[in-house]
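So the chains spell out like this:
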Amino acid sequence: MKKIDLIIISYNRVIELKETIDNVLRYKSSLNKIFIIDNNSTDETELFLKSLDDDIFYIIYSAENLGVAGGRNLGIKKSKADILVFLDDDAIFNIQKENPFSLVMREFNNDSNLGIVAFKITNYYSKEVQKHEFPFVDKTIDKDTRNLSAYFVGAGHAIKKEVFINCGLYPEDYFYGKDELDLSLRAINNNFTLVYNPNVEVFHKQSPKGRQKNDEKWMQVYRNRLVISYKYYPFF
């Protein structure tokens, strides 16, 4: 029987992280392990994590802030599960819908070529899907219809371990931004399919805590987009 691990990286968001943990523990019976990676937080995150005494938790304390990609990779390397679900530390699952981990398992059981499941990412406060968190270039596509997709949004998604074995881990030199697109393109080039499943819904707060300054963030995003264009798209 396939196993599912959940991976959450956190940096200076102890209040948000507590809500996330309370949320995912509702689905404890569906999970093998919950990996929490503390990306060298300077708030009370470590103190909170040390108070978690349930055996389902696997806590990793990084000696430095490795960024989104580097933090996720720490959990990926330790996980022994067949399927890895990733959730941001300022996000929660919509508990009004079916068990998200059951839905994810069903997706992978029904399609051996499936590599990645993109979740529906909804704003925590407005309950609306933001354009930049909808994994389609065409933003007029029905947000509540299951579709094949070319990429996924990092706030909530699931990836078969086989994808990392065949395609490699998240690109750590990106630090922030477009690491999901890079992995998506590698998965597609290795004949994996990606599916957007709106029935797995995540409410994302997009907390400003733990984030870089806007100018630093956008500089990295544009830099990474240029790297991706050079690596994966043909010159004419």
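Note: the structure precedes this text.
One structure accompanies this document, and this report is about it.

### Structural notes on the nonpolar core
- Among the nonpolar cores identified, the biggest contains 35 residues, and Leu-6, Ile-34, Val-85, Phe-93 and Phe-119 are the most heavily contacted of them.
- No other element matches the five residues that helix 4 (residues 100–110) contributes to this core.
- The contact partners of Phe-93, leaving out residues within four places of it in the chain, are Asn-23, Val-24, Tyr-27, Val-85, Leu-87, Pro-100, Phe-101, Phe-119, Val-200, Glu-201 and Val-202.
- By size, the runner-up hydrophobic cluster in this structure holds 26 residues, among which are Ala-69, Ile-76, Phe-86 and Tyr-170.

### Side note on the pairing of strand 3 (residues 57–61)
- Bridge count between strand 2 (residues 33–38) and strand 3: five bridges; the pairing is parallel. Among the inter-strand pairings, Asp-38 is bridged to a residue of strand 3, identified as Tyr-61.

### As for helix 4
- Those residues of helix 4 not exposed but buried are Pro-100, Phe-101, Leu-103, Val-104, Met-105, Glu-107 and Phe-108.
- The inward-facing, buried residues of helix 4 contact strand 1 (4–10), strand 4 (83–87), strand 5 (91–93), strand 6 (114–123), strand 8 (156–160) and strand 9 (193–204).
- Its side-chain oxygen placed 2.8 Å from the backbone nitrogen of Phe-101, Asn-99 serves as the N-cap of helix 4.

### Details of unusual backbone geometry
- Its identity is not glycine, yet Asn-40 carries a phi of approximately 65°, on the positive side.
- Structurally, the position occupied by Asn-40 is in the loop between strand 2 and helix 2 (45–50).
- Take Asn-40: its relative accessible area is 34%, and that puts it in the partly exposed class.

The rules behind these values
- Residues numbered from 1 in each chain as written.
- Predicted model: local features only at pLDDT ≥ 70, side-chain atom pairs only at ≥ 80, totals over all residues.
- Heavy atoms only, no water.
- Core = buried A, V, L, I, M, F, W, Y, C linked by side-chain atoms within 4.5 Å.
- Buried < 20%, exposed > 50% of the residue type's maximum accessible area, 1.4 Å probe, protein only.
- Helix = DSSP H or I, 4+ residues; strand = E, 2+ residues; numbered from the N terminus.
- Contact = heavy atoms within 4.5 Å.
- Pairing = 2+ DSSP bridges.
- Polar contact = N/O pair within 3.5 Å; in protein donor to acceptor, adjacent residues only side chain to side chain.

On their own, these measurements won't tell you what the molecule is for.
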